[in-house]
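Overview (structure and organization)
Here is what each chain is made of, one letter per residue.
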Amino acid sequence: MATENVFQPGDRVVNVTIPADVAFDLDRLQAVQRDILGRLGCQACCSGWDIRYDIQRRFVVSRELEIRELG
C-alpha cells in the first residue's frame, strides 16, 4: 500500500515578519516574496501555502523613557 504525504492545513502556514519600510515598498516586498517562494520550491507560485505577513512592531522603552524600535 502506497503512503502519501497528506498535509494538514496548519502544516502549510508560513509566517514572515518584515519591517514597515519593506512592507510599504512594493519592489522590496516583491523581492522578499520572490525569495521566500523560491525557498518553498517555486519563485512564481504560492499555491498550497498560507503565507502570513506581519509588520514588525517591537519597541523598547528605557528608564529615561527613550523609545527605540527593535530590528
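Attention here is on the structure that accompanies the text. Predicted, not measured: the structure shown is a model, and the values here were computed from it. (Residues numbered from 1 in each chain as written. Predicted model: local features only at pLDDT ≥ 70, side-chain atom pairs only at ≥ 80, totals over all residues. Heavy atoms only, no water.)

What follows deals with unusual backbone geometry. The residue leucine 65 is not glycine, and still its phi comes out positive at about 65°. Summarising the element assignment, leucine 65 is placed in the loop between strand S3 (59–61) and strand S4 (67–69). (Helix = DSSP H or I, 4+ residues; strand = E, 2+ residues; numbered from the N terminus.)

Here the focus is the packing of aromatic side chains. Throughout the structure, instances matching the rule amount to zero aromatic pairs. In this structure, arginine 12 is placed above the aromatic ring of tryptophan 49, and the distance from its NZ or CZ to the ring centre is 3.8 Å. (Phe/Tyr/Trp six-rings, centres within 6.5 Å; stacked < 30°, edge-to-face > 60°. Lys NZ or Arg CZ within 6 Å of the ring centre and 35° of its normal.)

Here the focus is the pattern of salt bridges. One pass over the full model with this rule turns up four salt bridges. Linking aspartate 35 and arginine 39 is a salt bridge whose minimum nitrogen-to-oxygen distance equals 2.7 Å. Taken together, the residues span about one helical turn, with aspartate 35 and arginine 39 both in helix H2 (residues 26–40) at a distance of four residues. Judged by relative accessible area, which is 39%, aspartate 35 ranks as partly exposed. Aspartate 50 is the salt-bridge partner of arginine 52, the closest N and O atoms lying 2.6 Å from each other. Given a relative accessible area of 30%, aspartate 50 falls into the partly exposed group. (Salt bridge = Lys/Arg side-chain N within 4 Å of Asp/Glu carboxyl O. Buried < 20%, exposed > 50% of the residue type's maximum accessible area, 1.4 Å probe, protein only.)

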